[in-house]
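The lines below spell out each chain.
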Amino acid sequence: MYGDKMSVPLKPEHLEQLKVFVDMCMKNPEILHQSELSFVKTFIEHFGGQIPEVKKDETPSKEPEQPKEPEPEAEPESEESDLELDMSEVVEPDTDAPQSMGDPTLQPTEEDVTESQNKRAEAVSAIAEKDYERAIELYTKAIELNPQSSMIYAKRGQAFLLMNKPNACIRDCNLALELNPDNAAAHKFRGRAYHLLGKFEEAVSDLRLACKFDFDEQADEWLRKVTPNARKIEEHKRKKERKAEEKLEREKQERLKRARESAKTQEDSTRSSQSKPSDDMGGFYKFLYDNELLEAFKDPEVAEAFNDLSTKPMNILKYQNNPKIMALIDKMATKFDAVGTGRMGGMPGFPGAAAAAAAAAGAAGAAGATPTSTPMPPQPQDDVGLD
């Protein structure tokens, strides 16, 4: 039907992609139910093929499932999230410029004091009429006439408080308390201002002092409102402090544990190095770990003889007829051979034995078996003059 020489209108790389797609369809034929692949489904059915139906409990995926990226670990919730505070009465802080605070160095006259009291009385009437702006103006004039009156500052703070300006109230009450630390009204209004700013601990402190200096039902009511929040904050701080202390204690114990382990490792290493001859010495000093030899060096005669040999190994000829000295020399020469120094002439009277005895005597002296002069290393000996 088609000519054998008909060329395929696809490039090799396209054919490769097509092969990959066909393999994918054979492994997962359900993807052919996707709308964008309907032309392939039509092609297969045109030639009598049939696409398997999608299972009822599954839905065809639009594209091969991609590996999911690991979800970032959720950060631990802040400890502040444990606090559930009543913020219903908290307001936005005011940022108005401060009102006149008067001249603190001014000493008012009697007329000034009288006029100041008149202005204060007018301000009280303005507050009763809820004309707070007018009240603040009158209190300011009263302050300028008599800046030494603690109560006028406190009362102007009250007017600011009624206008929901807690920061302005706190400024006036601070100055009032500088003039009179026991001013109950200043503590009362400042405590309420702190409440409105969400500073619950400061609010409780001020309102308690207000009730202590001059009990007031309104101050007591404000105190009862703010106390639950303050207690929650105090408990929260104690909890944080306990956790911080526990953390510090754990870190301290961990440091102590590491220090003990390090000290034990160092102690074991030191004990090991003291109890065993060093491998770097090639076993040269192993002969010293012999109780019989160490005991022998305590004999003054032996000690003197080996001091002599440590400086002049050829003096061994003087001791050939001393069985005590020669027996010890022969034993040392044998031990030198045992630790791998090579055969050194174990028979008494030979230069190899003399050299071994001299070296052993010097080493024994250095180890503290007996006081010796500074040992000289063994020198090679010739056989000239010996039978």
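Just above, that's the structure.
Residues numbered from 1 in each chain as written. Predicted model: local features only at pLDDT ≥ 70, side-chain atom pairs only at ≥ 80, totals over all residues. Heavy atoms only, no water.

Draft legend 1. Expanded view of helix α11 (residues 300-311). Its twelve residues place the ends of α11 17 Å apart at the C-alpha level, agreeing with the 16 Å of an ideal helix rising 1.5 Å per residue. For α11, the N-terminal cap is D299; the gap from its side-chain oxygen to the backbone nitrogen of E301 is 2.9 Å. (Helix = DSSP H or I, 4+ residues; strand = E, 2+ residues; numbered from the N terminus. Expected span 1.5 Å × (residues − 1). Polar contact = N/O pair within 3.5 Å; in protein donor to acceptor, adjacent residues only side chain to side chain.)

Draft legend 2. Inspection of the packing of helix α5 (residues 150-162) against helix α7 (residues 184-196) at higher detail. One way to put it is that α5 packs onto α7 with a least axis distance of 9 Å and a crossing angle of 30°. It follows that α5 is roughly parallel to α7 by the angle criterion. Both α5 and α7 take part in a crossing whose hand is left-handed. Along the contact surface, α5 presents M151, A154, Q158 and L161, while α7 presents A185, A186, F189, R192, A193 and L196. For the contact of α5 with α7, the per-class residue count stands at eight nonpolar, one polar and one charged. (Axes fitted to C-alpha atoms, helices over the stretch in contact; angles between N-to-C directions. Parallel < 35°, antiparallel > 145°, perpendicular 65-115°, else oblique. Left-handed = near helix turned anticlockwise from the far one by under 90°. Contact = heavy atoms within 4.5 Å. Nonpolar A, V, L, I, M, F, W, Y, C, P; charged D, E, K, R; others polar.)

Draft legend 3. Region of the structure containing the layout of surface pockets. Considered as a void within the structure, the largest pocket measures approximately 220 Å³ in volume. Residue lining of the largest pocket: F21, V22, C25, M26, P29, L32, V40, F43, I44, I51 and P52, and that is the complete set. Looking at the lining of the largest pocket, the elements with two or more residues in it are α1 (12-27) and α2 (38-46). Among the elements that take part in the lining of the largest pocket, α1 stands out by supplying four residues, more than any other. Grouping the amino acids of the lining of the largest pocket by side-chain chemistry returns eleven nonpolar, no polar and no charged. (1 Å grid on protein atoms, 1.4 Å probe; cavity = no way out; pocket = protein on both sides within 12 Å on 5 of 7 lines; lining within 4 Å. Points joined across faces, edges and corners; volume = space filled by probe spheres on them.)

Draft legend 4. A look at helix α8 (residues 200-213). Compared with an ideal rise of 1.5 Å per residue, which puts 14 residues at 20 Å, α8 spans 20 Å between its outermost C-alpha atoms and is within 8% of the ideal. Buried residues of α8: F200, A203, V204, D206, L207, A210 and C211, and no others. (Buried < 20%, exposed > 50% of the residue type's maximum accessible area, 1.4 Å probe, protein only.)

Draft legend 5. Spatial organisation of unusual backbone geometry. One non-glycine residue with positive phi stands out, namely K130, at about 60°. Counting through the fold element by element, K130 comes out in the loop between α3 (110-128) and α4 (132-145). For K130, a relative accessible area of 64% translates into the label exposed. One non-glycine residue, N164, adopts positive backbone phi at about 60°. Counting through the fold element by element, N164 comes out in the loop between α5 and α6 (166-179).

Draft legend 6. Spotlight on a nonpolar patch on the surface. A grouping of L10, L15, L18, V22 and M26 is seen on the molecular surface, where their side chains present a nonpolar patch of about 440 Å² in accessible area. As for its placement among the helices and strands, L18 is situated in helix α1. (Patch = residues over 30% accessible without salt bridge, like charges linked within 9 Å, V, L, I, M, F, W, Y side chains within 5 Å. Areas by Shrake-Rupley, 256 points an atom, 1.4 Å probe, with all protein chains shown as cover. Salt bridge = Lys/Arg side-chain N within 4 Å of Asp/Glu carboxyl O.)

In short, shape yes, function no, at least from these values alone.
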